[in-house]
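An overview of the molecular structure
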Amino acid sequence: MSVFFNPHGVPEMACDNCGSRWYDRMTNCCYECGQPVTEEMLAEYNQALAEFNRARAAKSTG
Ligand SMILES: [Zn+2]
C-alpha cells in the first residue's frame, strides 16, 4: 500500500500490488489481493490524514 492524494487533496491508500483502494481494517490487508499493510504504512497514512484535517480546519476557521 502507498499513500496518494485524490483530486480533492484527501489522502488515500492504494495497493502496490493490485491498485485497489480497499483494505481490510480488521486484518490490515488489501481487500482484493490480501497484501498486508505495514504498521509503517498505516502510520504514514494516519499522519497524512491528520495533516489534511488540520489544514482543512485551519481553512474553515480562516
Ligand atoms: Zn491488493
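Here is what the cut-offs are and how they apply
Residues numbered from 1 in each chain as written. Predicted model: local features only at pLDDT ≥ 70, side-chain atom pairs only at ≥ 80, totals over all residues. Heavy atoms only, no water. Helix = DSSP H or I, 4+ residues; strand = E, 2+ residues; numbered from the N terminus. Buried < 20%, exposed > 50% of the residue type's maximum accessible area, 1.4 Å probe, protein only. Contact = heavy atoms within 4.5 Å. Salt bridge = Lys/Arg side-chain N within 4 Å of Asp/Glu carboxyl O. Core = buried A, V, L, I, M, F, W, Y, C linked by side-chain atoms within 4.5 Å. Donors = N, O, S within 2.8 Å, 3.2 Å for Na, K, Ca; no water. Tetrahedral: all angles 85-135°; square planar, octahedral: opposite > 155°, others 65-115°. Polar contact = N/O pair within 3.5 Å; in protein donor to acceptor, adjacent residues only side chain to side chain.

**Re the overall build of the protein chain**
Each helix and strand counted, the protein chain has 1 helix and 4 strands in total. For the protein chain, the succession of helices and strands along the chain, N to C, is β-β-β-β-α. Across its three principal axes, the protein chain shows a C-alpha extent of roughly 40 × 20 × 15 Å. Counting the 62 residues in the protein chain, one finds 26% classified as buried. Long-range contacts, defined here as pairs at least 24 residues apart, represent 28% of the contacts in the protein chain between residues at least 6 apart.

**Overview of the pattern of salt bridges**
Counted according to the given criterion, the structure contains 1 salt bridge. Between Arg21 and Glu12 there is a salt bridge, with the nearest N and O atoms lying 3.2 Å from each other. A relative accessible area of 52% means that Arg21 is categorised as exposed.

**Describing the nonpolar core**
Membership of the largest hydrophobic core is limited to 9 residues, which are Met1, Met13, Cys15, Tyr23, Cys30, Val37, Met41, Leu42 and Tyr45. Broken down by element, the residue count for this core peaks at 3 residues, all from helix α1 (residues 39–61). Beyond its immediate chain neighbours, meaning those up to four positions away, Cys15 contacts Met1, Ser20, Cys30, Cys33 and Gln35.

**Observations concerning the coordination of the zinc ion**
Taken together, Cys15 (SG), Cys18 (SG), Cys30 (SG) and Cys33 (SG) make up the protein donors of the zinc ion, found 2.3 to 2.4 Å from the metal. Taken together, the 4 donor atoms coordinating the zinc ion and their angles of 107 to 115 degrees define a geometry best described as tetrahedral. Note on Cys18: relative accessible area 40%, which makes it partly exposed.

**Some words on the side chain of Asn6**
Following the sequence through the fold, Asn6 ends up in the loop between β1 (2–5) and β2 (11–14). Under the relative-accessibility criterion, Asn6 is labelled buried at 13%. A distance of 2.8 Å separates a polar side-chain atom of Asn6 from the backbone nitrogen of His8.

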